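Report on the structure
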Amino acid sequence: MAQRIKGQEIQVLIISGGTLQAKISDISNSEITFELEVLEEGYLGRKSNDYDMIFNGMTVKMECHMSNDQAIQFTQAVVDRAARRTGEGARIDVVHVFEFDNGQFVTITVPNLQFQSIPISNGGRGEYVSISFEGKSSSFQIA
């Protein structure tokens, strides 16, 4: 029986402007959501409704703990892009690499993310400072 995959077998890579931001390594959790919507319509003379679904893009959420300034530098790159202070090459992609115990790798790339507000949280004296990122994209690639 194959082992179930755990967080230790997943790498989250942040690519900004074509460069790997490998120093953001303290990602405590991440989530990829394939945003789907079910459309429902009822018609006269039918016993039940009709359903259809549409793809509404991708959402990526990550929470990082800070052990160096790389998450702050990444935040600066996101804000600069939002304020149009950077050139066209400021695309930000997030790549999740899943390594299964049979040696297979699956990569989910969410390209050209557009980010929402970025909170920096300090929960208390005994807790790690965290920074959260949430972005949306209209596409994905699985390899």
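Here we summarise the structure given alongside this text. All values reported here derive from a predicted model rather than from experimental measurement.

Here helix α1 (residues 70-82) contains 13 residues, and its C-alpha end-to-end distance of 18 Å stays within 8% of the 18 Å for a straight helix at 1.5 Å per residue. Positive backbone phi, approximately 60°, marks R84, located one or two places after α1.

What follows is about the sheet that holds strand β5 (residues 92-99). Remark on secondary structure: sheet strands pair via backbone hydrogen bonds, oriented parallel or antiparallel. Within the open sheet, the five strands sit side by side as β2-β1-β5-β6-β10. Their pairing is antiparallel. If you trace the sheet from one side to the other, it starts and ends with β2 (19-20) and β10 (141-142), each paired once. Here strand β6 (residues 105-110) pairs with β10 via two bridges, running antiparallel. The residue bridging I108 from the neighbouring strand is I142, located in β10.

Turning next to unusual backbone geometry. The phi dihedral of R84 falls on the positive side, at around 60°, and the residue is not glycine. Mapped onto the elements of the fold, R84 is located in the loop between α1 and β5. Overall, the relative accessible area of 71% leaves R84 in the exposed class. Of note in this structure, N112 is not a glycine but carries a positive phi near 50°. Within the element layout of this structure, N112 appears in the loop between β6 and β7 (114-115).

Each value, and the rule that gives it
- Residues numbered from 1 in each chain as written.
- Predicted model: local features only at pLDDT ≥ 70, side-chain atom pairs only at ≥ 80, totals over all residues.
- Heavy atoms only, no water.
- Helix = DSSP H or I, 4+ residues; strand = E, 2+ residues; numbered from the N terminus.
- Expected span 1.5 Å × (residues − 1).
- Pairing = 2+ DSSP bridges.
- Buried < 20%, exposed > 50% of the residue type's maximum accessible area, 1.4 Å probe, protein only.

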